[in-house]
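Structure assessment
Given next are the chains, with one letter for each unit.
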Amino acid sequence: MNDLSNSPAQSSSGVSSDQERPLRQRKPDWIRVRAPVSKGYHETRKLMRELNLNTVCEEAACPNIGECWSKKHATVMILGDVCTRACAFCNVKTGMPRAVDPMEPENTAVAAAKMGLEHIVITSVDRDDLPDGGAGQFVKVIEALRRNTPNTTIEILTPDFRGKMRAAVEAICEAGPDVYNHNLETVPRLYPTIRPGARYYASLRLLEEVKVHNPLIFTKSGIMLGLGEERLEVHQVMDDMRSAEVDFITMGQYLQPTPKHAKVEEFVTPKAFKAFGSIARAKGFLQVASSPLTRSSYHAGDDFAVMRKAREEKLAKNRKRDHLAV
């Protein structure tokens, strides 16, 4: 789930003026965050540059970057910084990507070791140009992390591997991530305009495939709110996720990165996010993150610990019930 901030635009003549600029939507107080200035932030940024690593924190202009990087938490974005798709919500560059960096897996492991990460999130751009969609690089990164930082739990956030999904999911599941995340992003009705290069039910099938290959891998998915979705449509997405046995749902506010991207139709209130969270918990998710500033990897390590504990408690409860039934 990308977070995208507003920025001014030039007129067609190339001259920017107050009259010619589109009106910028004023963000409510609950969506405002401080600019990153801490020592930890600058140390994290320096390390990423030294290792030639990209982060979704920067590329997607995440509002939580100051908080996360000050704690030396960063979401590494592998397979370059150029995406082969052009989703209406996403701030990542679109075009023809460069060759895959063979040092990326080892550099990612070095970064995890130097930051002392207990939990790491790895995501990527879409790479429709590659025969495997980039799945092989995910596998190499997971293997490098297991070699170098064996105690670090690994969460991956993958694209949909259009046309190559089953083989990609199988290979990645064999590598053994702890959490497999793939975001649905929005409700099915909005896919043609918001996520035109993807298909809602194909993404659901991907999440199902993960559980088919390894039921013990936690699955996670998220949606953005504020794009014009209706309340009951969000409830249906929750039901679809649960039918696919998704363990963890994230819900956060969409923010428009530039005037050319999809506009914010609504700033959803913290109270409404809390209500959606309560409904999701009632539907049986092991973990729920629902707030305006929630993003896929925000507090991912803490959430993983909560989710793992919730599964253990659920399994213990089921064993006790089965024992009593005998």
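The structure reproduced in this document is the subject of the present report.

A word on the environment of glutamate 174
Along the polypeptide, glutamate 174 turns up in helix H6 (residues 165-175). Judged by its relative accessible area of 66%, glutamate 174 falls in the exposed class. Expressed as a C-alpha distance, the spacing of glutamate 174 and histidine 213, which sit 39 residues apart in the sequence, is 8.2 Å.

Some details on the pattern of salt bridges
Taken as a whole and assessed by the stated rule, the structure comprises 15 salt bridges. A salt bridge links arginine 127 to aspartate 129; its shortest N-O distance comes to 2.9 Å. Here arginine 189 and glutamate 233 are joined by a salt bridge, their closest N and O atoms 2.6 Å apart. Taken together, the residues arginine 189 in the loop between strand E7 (179-181) and helix H7 (191-194) and glutamate 233 in helix H9 (residues 231-243) connect sequence positions 44 residues apart. Under the relative-accessibility criterion, glutamate 233 is labelled buried at 19%. Salt bridges here are not isolated pairs; linked through shared partners, they connect Arg85, Asp126, Asp128, Asp160 and Arg162.

Some words on the packing of H6 against helix H8 (residues 200-213)
Remark: H6 packs on H8, axes separated minimally by 10 Å, with the N-to-C direction vectors making an angle of 45 degrees. Compared by their axis directions, H6 and H8 come out oblique. The way H6 lies across H8 gives a crossing that is right-handed. From H6, Met165, Arg166, Val169, Glu170 and Cys173 reach across to H8, where they touch Arg205, Leu206, Glu209, Val210 and His213.

How each quantity is defined
- Residues numbered from 1 in each chain as written.
- Predicted model: local features only at pLDDT ≥ 70, side-chain atom pairs only at ≥ 80, totals over all residues.
- Heavy atoms only, no water.
- Helix = DSSP H or I, 4+ residues; strand = E, 2+ residues; numbered from the N terminus.
- Buried < 20%, exposed > 50% of the residue type's maximum accessible area, 1.4 Å probe, protein only.
- Salt bridge = Lys/Arg side-chain N within 4 Å of Asp/Glu carboxyl O.
- Axes fitted to C-alpha atoms, helices over the stretch in contact; angles between N-to-C directions.
- Parallel < 35°, antiparallel > 145°, perpendicular 65-115°, else oblique.
- Left-handed = near helix turned anticlockwise from the far one by under 90°.
- Contact = heavy atoms within 4.5 Å.

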